[in-house]
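Now for the letters of each chain:
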Amino acid sequence: MSNGHAWVVGATGQIGRVAVQALATDGWEVTAASRGGGRDERWADGVRSVALDRNEAGALATALGDGCDVLIDMVAYGEQHARQLTGLADRIGSAVVISSGAVYEDDRGRSFDTQGEPDGAPLYPVPIPETQATVAPADATYGTRKIRLEQDLLAAGGTLPVTLLRAGAIHGRHCRSPRELYFVKRLLDGRRRRVLAYNGTSRFHPVHVSNVAELIRLAARQPGSRVLNAADPQAPTVAEIASAIDGVLGRETETVLVAGAPPEGGVGETPWSSAHPIVYDMTAAAKELGYRPVTGYAESLPETVEWLAGQLDGRDWRDAFPAMLRAYGEGLFDYAAEDAWLERYDRGTSAR
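Parameters at a glance
- Residues numbered from 1 in each chain as written.
- Predicted model: local features only at pLDDT ≥ 70, side-chain atom pairs only at ≥ 80, totals over all residues.
- Heavy atoms only, no water.
- Helix = DSSP H or I, 4+ residues; strand = E, 2+ residues; numbered from the N terminus.
- Polar contact = N/O pair within 3.5 Å; in protein donor to acceptor, adjacent residues only side chain to side chain.
- Salt bridge = Lys/Arg side-chain N within 4 Å of Asp/Glu carboxyl O.
- Buried < 20%, exposed > 50% of the residue type's maximum accessible area, 1.4 Å probe, protein only.
- Expected span 1.5 Å × (residues − 1).
- Contact = heavy atoms within 4.5 Å.
- Phe/Tyr/Trp six-rings, centres within 6.5 Å; stacked < 30°, edge-to-face > 60°.
- Lys NZ or Arg CZ within 6 Å of the ring centre and 35° of its normal.
- Right-handed = clockwise from strand over helix to strand, strands pointing away.
- Pairing = 2+ DSSP bridges.

A. Representation of the environment of Asp339 within the structure. Here Asp339 lies in helix 12 (residues 335-347). Between the C-alpha atom of Asp339 and that of Glu105, which follows or precedes it by 234 residues, the distance is 37 Å. Engagement of the side chain of Asp339 in a polar contact is seen with the side chain of Arg191, the distance being 2.7 Å.

Written out as structure tokens, the structure reads:
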């Protein structure tokens, strides 16, 4: 028997692909909406796919028709999308919307965007609960747009129950900005040494797409207005991540640790590098939804690494992952700068 009709916006994105399959397997009638109207090869035959540009005036309302029992939104940002969803509250039984851990702020007004250098005071408590303060809503950054979305949707809780999932560093297949690329490409290029800032202890809590999909599945079955973190059961350090990727590819790499921030030229800076640990508390999700993780970081890594290697086969990384280039720039793989710094380091004359 069907649980009802689930509508997924952003269905062919990284999380959407897995969430659609999880909902279909759980007994939902699923409509998968994306700009191209495409399908994932692993979806069940019963999944209906539709083309939708949610930013086109009236497009979502028209496509939604008589409505759905639950709407899952992977790509909502800011005031406009909140208004779009609340305007359809009479046709949506409940919603599950992806937010971000980037909304958190510490008691000194520091956030993910403005964390600064370590000064003996942690940026956030470890782990971070959902009750932690958040940035002010605005259109300035990713985090401020997400908190605007959250606040506007929660204000409509009486007419539209919504679960907001504050995701960590999302990983898995089909990621447009895969942080694991930093180490996978270096190994495939034959690099045998690496430099890690902050002594390799940076922790930026990851979450695998299948764990997000499990939270979505559970929230769809238990409508309510709530905010929950979304993270893996472990929050490995960047050094542990590097070592795990070495293991998947069967390589050994010498690691050179830098005590503080990255030296000149960004040597030792990675997509996980942070002066402060960012770790999310998953207690509330377990208590409110009965959530149990589907996988851990290390367990999920072989599939991710295999997918990354396939995407890089015969292709320039900038063509394979243009979003990664936009996010981190050409310096991500500046081997010349790294080798020059390592040469000075070996001579005992490395300068910051």
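B. Here's a closer look at the pattern of salt bridges. Evaluated as defined, the whole model comprises 24 salt bridges. Note that Asp40 and Arg42 form a salt bridge whose closest N and O atoms lie 3.5 Å from each other. Judged by its relative accessible area of 4%, Asp40 is buried. Among the residues examined, Arg42 registers a relative accessible area of 38% and is labelled partly exposed. Arg347 serves as the salt-bridge partner of Glu343, at 3.4 Å between the closest nitrogen and oxygen. Remark: Arg347 and Glu343 occur in helix 12; sequence separation between them is four residues, near one turn of the helix. What emerges from the salt-bridge pattern is a single network uniting Arg17, Asp40, Arg42 and Glu303.

C. Structural context of helix 4 (residues 142-154). Along its 13 residues, helix 4 runs 18 Å from first to last C-alpha, staying within 8% of the 18 Å computed at 1.5 Å per residue. Within the span of helix 4, buried status applies to Gly143, Thr144, Lys146, Ile147, Leu149, Glu150 and Leu153. Packing partners of the buried residues in helix 4 comprise helix 3 (78-86), strand 5 (92-100), strand 6 (162-167) and strand 10 (226-230).

D. Representation of the packing of aromatic side chains within the structure. Taken as a whole, this structure holds eleven aromatic pairs when the rule is applied. Ring plane angle 70 degrees and centroid distance 5.8 Å describe the contact between Trp307 and Phe321, whose orientation is recorded as edge-to-face. On the criterion of sequence distance, the pair formed by Trp307 in helix 9 (residues 297-312) and Phe321 in the loop between helix 10 (317-320) and helix 11 (322-328) is long-range, its members being 14 residues apart. Across the pair, Phe321 and Trp307 agree in class, each one buried. Aromatic pair Phe333 and Tyr335: ring centres 6.4 Å apart, planes at 75 degrees, arrangement edge-to-face. For Phe333, a relative accessible area of 9% translates into the label buried. Just above the ring of Phe333 sits the side chain of Lys185; from NZ or CZ to the centre is 5.3 Å. The residue whose ring lies beneath Arg191 is Tyr335, and the NZ or CZ to ring-centre distance is 4.3 Å.

E. Summary view of the pairing of strand 2 (residues 29-34). By the criterion of burial, strand 2 is predominantly enclosed, with five of the six residues buried. With helix 1 (residues 14-25) bridging strand 1 (residues 5-9) and the parallel strand 2, this β-α-β connection has right-handed handedness. Across four bridges, the pairing between strand 2 and strand 3 (residues 48-51) is parallel. Each bridged residue has a counterpart across the sheet, and for Ala33 the counterpart in strand 3 is Val50.

F. Broad picture of unusual backbone geometry. The amide bond that connects Val126 to the next residue, Pro127, takes the cis arrangement and shows omega of 0 degrees. Position of Pro127 relative to the elements: it lies in the loop between strand 5 and helix 4. A positive phi angle, close to 70 degrees, is found at His174, a residue other than glycine. Residue class for His174 comes out partly exposed when judged on its relative accessible area of 22%. Unusually for a residue other than glycine, Asn199 sits at a positive phi of about 60 degrees. Here Asn199 is to be found in the loop between strand 8 (193-196) and strand 9 (206-208).

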